[in-house]
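# Breakdown of the fold
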Amino acid sequence: MPTPVPIPPNGVDYRGKLVLAPMVRSGELPSRLTALSYGADLVWGPETVDRALIGTVRRINTRTGMVEYTRLPSNQTHTHDPNQGIENVIYRLDPVREKHKLIFQLGTSDAERAVAAARIVAGDVAGIDVNAGCPKPFSTSGGMGAALLKAPEKLAGILEALVGAIVPEHGVGISVKIRLLETAEETELLVRRLVRTGITGLTIHCRTTPMRPRERAIRGQLRMVAEVCREAGVACVMNGDVESREQAERLIEEFGVDGAMIATAAEKNPSCFARGPLRSWREVVERYVVFAMEVGNKMGNTKFMLNQMVPGREQVFKMVAGCKGYEDLVTALGMGEEAIAKAKEADAADGFALAKRAREEAKKEAARVKAEERAREREASLKRKRDESQGASPNKKLADQVTEIKPAPVANAA
């Protein structure tokens, strides 16, 4: 049996793992914590582009305890004040609950930038994964994602550079996520090249680049990919239409892969990582919202996720759309007084409470000004009527007097 590629001291073996897929928007910290709470073995964060990470400042959020990589708008300079709250958070992670469980997915098309970005975050994660499978123009237009499948030597060079720098410096493994190519022969050539770079894991998304998520995954090449990885001692993880732990175990047995990755099913109900039937949407949503408040997740992202998890037929689905802050949200969900107290704290920390109070004050002021304007208009109207009434009486008397004066008789000419 081939010898597995050694797992670095701070890395993690993908074998025997059911993991959360990297998903933009759907893979933020509260989603990952919810997945872990239901039994996910590892979680991938959303793809983060190398250029976005380079130049960030690492800080510990003193309220939440989360590690945050932040940057200020280009016209401002970091003050290193962890509570200033005006930075853009590029990446956020939980140093306790995600320890040894978080894989950072990197979007890159350049080996030098890949190493520079990976060095920034490698000390906080259990692995660096290169995205070579995303088919969206956001990635491919910059030569990243699935565009790398057409440049196998460039992709291999990026992986070799990361293995050569990050493994000895930080002791975490390097992996890659790819898609199927048009033919089994092309896929095999690519995989054989990539497993020689020193990576510890390879995830194969069982769709080609043009295929959309609604199209069923293709598993005809999966066994071959798994065998090539096994020969090289590299863990092989499958992705594509995996919906539960029980199904994942059957697929692992059937195709000889080492692990499985869940995406869409986890986006809708992350209790898919637990054994047995799915938990109710309300249980999952309330758990997710608590995590979101704890870590300071932006309200916009929280509402986006609830739109995936709350069934559209439920009355609360429309109520969620109208929520402006966490207090509104937990009230709409009927989560109770304890949750409302946490929601107020989260809103205040996010500046929402101050903004809400400012909006309310502005609304009151506008109403006051409008009321004063109406009062002035009423007074002016009454004054005009009084003036008209007072002015009409003398005129009328004068007219009456004129009608009463009879003309004097005209004398006959002599």
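As a starting point, this report considers the structure included with it. (Residues numbered from 1 in each chain as written. Predicted model: local features only at pLDDT ≥ 70, side-chain atom pairs only at ≥ 80, totals over all residues. Heavy atoms only, no water.)

### Let's talk about empty space enclosed by the protein
The following threshold applies: A pocket, in this scheme, is an open set of points on a 1 Å grid over the protein atoms alone with protein on both sides within 12 Å along at least 5 of 7 lines, while a cavity is a set where a 1.4 Å probe fits but cannot get out; residues line either one if an atom lies within 4 Å of a point. Grid points are joined across faces, edges and corners, and a volume is the space filled by probe spheres set on the points. Helix and strand assignments follow DSSP, with helices taken as H or I runs no shorter than four residues and strands as E runs no shorter than two, numbered in order from the N terminus. Each residue receives one of three labels: charged for Asp, Glu, Lys and Arg, nonpolar for Ala, Val, Leu, Ile, Met, Phe, Trp, Tyr, Cys and Pro, and polar for the others, Gly being one of them.
All chains considered together, the criterion is met by one cavity of 30 Å³ or more. For the largest cavity, the calculated volume is near 70 Å³. Residue lining of the largest cavity: Leu20, Met23, Ser26, Ser31, Thr34, Ala35, Ala266, Glu267, Pro270, Tyr288, Met305 and Met309, and that is the complete set. Elements that contribute at least two residues to the lining of the largest cavity include exactly helix H1 (29–37), helix H9 (264–268) and helix H11 (299–309). The dominant element in the lining of the largest cavity, judged by the number of residues it contributes, is H1, at three residues. Each residue belonging to the lining of the largest cavity can be placed in one class, and the counts come to eight nonpolar, three polar and one charged.

### Considering the pattern of salt bridges
Rule in force here: Counted as salt bridges are all cases of a side-chain nitrogen of Lys or Arg within 4 Å of a carboxyl oxygen of Asp or Glu.
Following the criterion strictly, the structure yields 25 salt bridges and no others. The closest approach of N and O atoms between Glu372 and Arg368, which form a salt bridge, is 2.5 Å. Linking Glu372 with Arg368, this pair stays in helix H15 (residues 352–404), spanning four residues, or about one helical turn. A salt bridge links Asp387 to Lys383; the nearest nitrogen and oxygen atoms lie 3.2 Å apart. With Asp387 and Lys383 both in helix H15 and four residues apart, the pair spans about one turn of that helix.

### Brief notes about the side chain of Arg59
The following threshold applies: Buried residues are those whose accessible area, probed at 1.4 Å on protein chains only, stays under 20% of the maximum for their type, while exposed residues exceed 50% and partly exposed ones sit between those limits. Between N or O atoms, a polar contact is any pair within 3.5 Å; within protein, one atom must be a potential hydrogen donor and the other a potential acceptor, and residues adjacent in sequence are included only when both atoms are from side chains.
Topologically, Arg59 is positioned in strand S4 (residues 57–60). On the basis of relative accessibility, which here comes to 12%, the residue Arg59 falls in the buried class. Polar side-chain contacts of Arg59 include one of 2.7 Å to the side chain of Glu68. Among the polar contacts listed, one links the side chain of Arg59 to the side chain of Glu87, at a separation of 2.7 Å.

Take it as geometry only, folks, not as evidence of what the structure does.
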